[in-house]
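Architecture and fold: a report
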Amino acid sequence: MELTKNITLGIYLPGETSIHRLDPRTKIIATTLLIILLLFIRSYEAYGVFFIFTAAIIYFAGIPPRFALCGLKPMLPVLILMWVFQLFLYSTPDAEVLFSWFIFTATDTGLHMGNMITLRVLFLFTVTTMLTLTTSIVSLTDGLESLLNPLRKIGLPSQELVMTMVIALRFVLILAEELDKIVKAQMARGVAFDRGNFIQKTRKIFPVFLPLFINAFKRAEELIVAMEARSYSGGKGRTKMKTLHMGRVDLAAGGIMILYAALMVFILFSVSPRI
Amino acid sequence: MPIEVTELCHSYKKGTPFEKKVLHDISLRIEDGEFIGLIGPTQSGKTTLAQHFNALFVPQQGRVTVNGCDTTDKKADLISLRHEVGYVFQNPDYQLFAPTVGEDIAFGPINQNLKPAEVENRVEEVMAQVGLDYNNFYNRDIFALSGGQKRRAAIAGVLACKPRILVLDDITAGLDPRGREEILEVVRKLHCNEKITIIFISNSMDEVAELAERIIVVDRGRVAFNSATREVFRQSARLKAIGLELPEIMTITDRLSSCGYNLPDAILNLEEALQSIAENLQKGQVSD
């Protein structure tokens, strides 16, 4: 029984590869670019190219592929549900009917849409996981903050915003660990989480979430005290122990990203979308 | 209900880059009615080992049998096994969830599908066992309890399942001396009166020395010692090498011995110490 085993989002896997050494800002911009590209992909060819690029990142970052993907396991039911919804609910007037059952009709455009959207979520997850797997939480914060800094002028509290986000990311794992303990404490008193029908199973969730929420509030309170004890007062006038600077690796990465984006844009326009 | 562990291995986060082997080839046996002290430095694997006893962990390698029931067996009834082997966790906040003490304690028996009247009887019985007054505490808000009372409510919640074996995972941590004494008294009574097998995980050598009949020391995932309490504390040098201290009382008697008192080695509690010191003084062996 280990719930935390499959959590990869928000975990940093220390390493010495060039991808690890990239400036966090480069990685954040690259990830954002990849996400934007993903939103426009409408064909399998484009996904093929995207897959090769993602696989290359995973390879060069030295992340075991199985570990990079195991975070997807808990998401599988949602992905399948999404695919099914698209299959039956999406269609265009000229769509060919694949098969129909009861009041549901599956069309070829629905199938295509289902595939596209499922792949999109899959890649979105993998790309963002790669960012957090190769970037420590401290440099992630610094990078985001420095990128958002210009927005301070229009009144955006960038430092506070980033701090909130990073804490949330960090808490994913902490809460999962707590959940693990709570589930075990309930199992020790004879709860069978995998038995019973849907309603019975749902009812078993309440005794788990109550202590989880209470502990989360407690932890939040402790964190506030700890931050105040060290005189945290927001971003104003804070200096950094490590200053960020872009190097040759970042230049090379930037070059690769531009070339890749150009290639993707070319594919997106040249391969005619089916929908 | 003996517990038998044979060549048990366990890795944390197996199959990920964070994989870490926490238990190496552990073999041991715990008989009915024993009081076992399970000690070891932090991160030594004592909790992981203990969670194998009630199948919260199922062996990745090796075997754990409780009363002849192999926990790796797919057909084994792990739910009733967990009612037989109670487990009280270190932090009661992870266990207590119901709004009131009574409802929380009733959670286990309800899972056993007992009749409401029977559940009520059990709740009343175990509340008396842990020293929580039924009339006073039954409807008490869980969050209005003190640390010691929370621990007692947590123990009661586990006892309500009528376990024959009870694993207590560092249940005195963070309690004030009085709360600690009260909890230990509850444990002592459970062992003496109810003849429940106790596996007592602790970081306090004093508690273990006073209560346990046999001590199992786990160090970096291996069994370093597994013998009678007195035997274990005789080997102070090896214990210190592992990073464990001697009980407070022994550091005092050791000092007295080096000052010329003729005391037996490995004195485990205050009474023994007082008696042998008094004998020494009567015989007038000690010269100042």
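Residues numbered from 1 in each chain as written. Chains lettered and ligands numbered in written order. Predicted model: local features only at pLDDT ≥ 70, side-chain atom pairs only at ≥ 80, totals over all residues. Heavy atoms only, no water.

Moving on, we get to the overall build of chain A. Along chain A, the regular secondary structure elements total 10 helices and 2 strands. Helices (α) and strands (β) of chain A occur, in sequence order from the N terminus, as α-α-α-α-α-β-β-α-α-α-α-α. Seen through its C-alpha atoms, chain A measures out along the principal axes to roughly 65 × 60 × 40 Å. Relative to its full complement of 275 residues, chain A shows a buried share of 39%. (Helix = DSSP H or I, 4+ residues; strand = E, 2+ residues; numbered from the N terminus. Buried < 20%, exposed > 50% of the residue type's maximum accessible area, 1.4 Å probe, protein only.)

Here the structure, examined in full by the defined rule, presents 13 aromatic pairs over all chains. Summarising the aromatic geometry, the rings of A:Phe88 and A:Phe99 are spaced 6.2 Å apart at their centres and angled 90 degrees between planes, so their arrangement reads as edge-to-face. Separated by 11 residues along the polypeptide, A:Phe88 in helix α5 (residues 76-89) and A:Phe99 in strand β1 (residues 97-101) bring together distant segments of the chain. Judged by its relative accessible area of 23%, A:Phe88 falls in the partly exposed class. Residue A:Phe99 is classed as partly exposed on the basis of its relative accessible area of 43%. Ring plane angle 80 degrees and centroid distance 4.7 Å describe the contact between B:Phe97 and B:Phe107, whose orientation is recorded as edge-to-face. Here B:Phe107 lies in helix α3 (residues 101-111) and B:Phe97 lies in the loop between β6 (85-88) and α3, a separation of 10 residues in the sequence. Of the residues examined, B:Phe107 reaches a relative accessible area of 13% and is grouped as buried. Ring-pair connections join several aromatic residues into one group, and the members of that group are A:Tyr47, A:Phe50, A:Phe53, A:Phe123 and A:Tyr260. In this arrangement the basic side chain of B:Arg140 is found over the ring face of B:Phe137, its NZ or CZ atom lying 4.5 Å from the centre. Stacked on the ring of B:Phe225, the Lys or Arg B:Arg238 has its end atom at 4.3 Å from the ring centre. (Phe/Tyr/Trp six-rings, centres within 6.5 Å; stacked < 30°, edge-to-face > 60°. Lys NZ or Arg CZ within 6 Å of the ring centre and 35° of its normal.)

Our focus in this paragraph is the sheet that holds strand β7 (residues 165-169) of chain B. Residues and elements named next belong to chain B. Strand order in the open sheet formed by 6 strands is β6-β7-β8-β3-β9-β10, and the pairing between neighbours is mixed. With one partner strand each, in any of the chains shown, β6 and β10 (222-228) form the two edges of the open sheet. Neighbour-to-neighbour, the strand axes of this sheet turn through a mean angle of 15 degrees, independent of strand direction. In this structure, strand β3 (residues 35-39) lies alongside strand β9 (residues 214-219), joined through 4 bridges in parallel fashion. Bridge pairing links Ile39 to Val217 in β9. (Pairing = 2+ DSSP bridges. Axes fitted to C-alpha atoms, helices over the stretch in contact; angles between N-to-C directions.)

Bringing the domain arrangement of chain A into the picture now. Residues and elements named next belong to chain A. Domain parsing of chain A yields domain 1 (1-155 + 243-275) and domain 2 (158-234). Spacing between the C-alpha centres of domain 1 and domain 2 amounts to 27 Å. When domain 1 packs against domain 2, close to 1500 Å² is buried across both sides, 79% of that on carbon and sulfur atoms. Viewed at the interface, domain 2 and domain 1 are joined by 1 salt bridge. For Glu160, the salt bridge is made with Arg152, and the minimal N-O distance between the two is 4.0 Å. Where domain 1 touches domain 2, the interface holds 1 residue pair in polar contact (both at pLDDT 80 or more). Tallying contributions element by element places helix α7 (residues 137-148) first for the side of domain 1 that touches domain 2, with 6 residues. Among the residues making up the side of domain 1 that touches domain 2, the classes are represented as 9 nonpolar, 5 polar and 3 charged. (Domains from an automatic or database assignment. Buried area = accessible area lost by both parts, 1.4 Å probe. Salt bridge = Lys/Arg side-chain N within 4 Å of Asp/Glu carboxyl O. Polar contact = N/O pair within 3.5 Å; in protein donor to acceptor, adjacent residues only side chain to side chain. Nonpolar A, V, L, I, M, F, W, Y, C, P; charged D, E, K, R; others polar.)

What follows is about the domain arrangement of chain B. Residues and elements named next belong to chain B. What the domain assignment lists for chain B is domain 1 (3-229) and domain 2 (247-288). Computed from C-alpha coordinates alone, the two centres of domain 1 and domain 2 are separated by 35 Å. Counting residues at the interface gives 5 residues for domain 1 and 5 residues for domain 2. Interface area, domain 1 with domain 2, both sides summed: about 380 Å², of which 66% is carbon and sulfur. Per-residue buried area on domain 1 facing domain 2 is highest for Asp206, Ala209 and Glu210; these three make up 74% of the total on that side. Our count for the contact surface shared by domain 1 and domain 2 stands at 0 salt bridges. Summed over the shared surface of domain 1 and domain 2, the number is 1 residue pair in polar contact (both at pLDDT 80 or more). It is helix α8 (residues 205-211) that contributes the most residues to the side of domain 1 that touches domain 2, 4 residues altogether. (Contact = heavy atoms within 4.5 Å.)

The partner chain A presents 31 residues to the 34 residues of chain B that form the contact. For the pair chain B and chain A, the two sides together bury roughly 2800 Å², of which 61% comes from carbon and sulfur. The interface formed by chain B and chain A contains 2 salt bridges. Counting the contacts that link chain B with chain A gives 5 residue pairs in polar contact (both at pLDDT 80 or more). Breaking the side of chain B that touches chain A down by element, the ones donating at least two residues are β1 (3-12), α2 (78-84), α3 and α6 (147-159) of chain B. With 5 residues, α3(B) is the largest single contributor of residues to the side of chain B that touches chain A. Residue classes in the side of chain B that touches chain A are distributed as 16 nonpolar, 11 polar and 7 charged.

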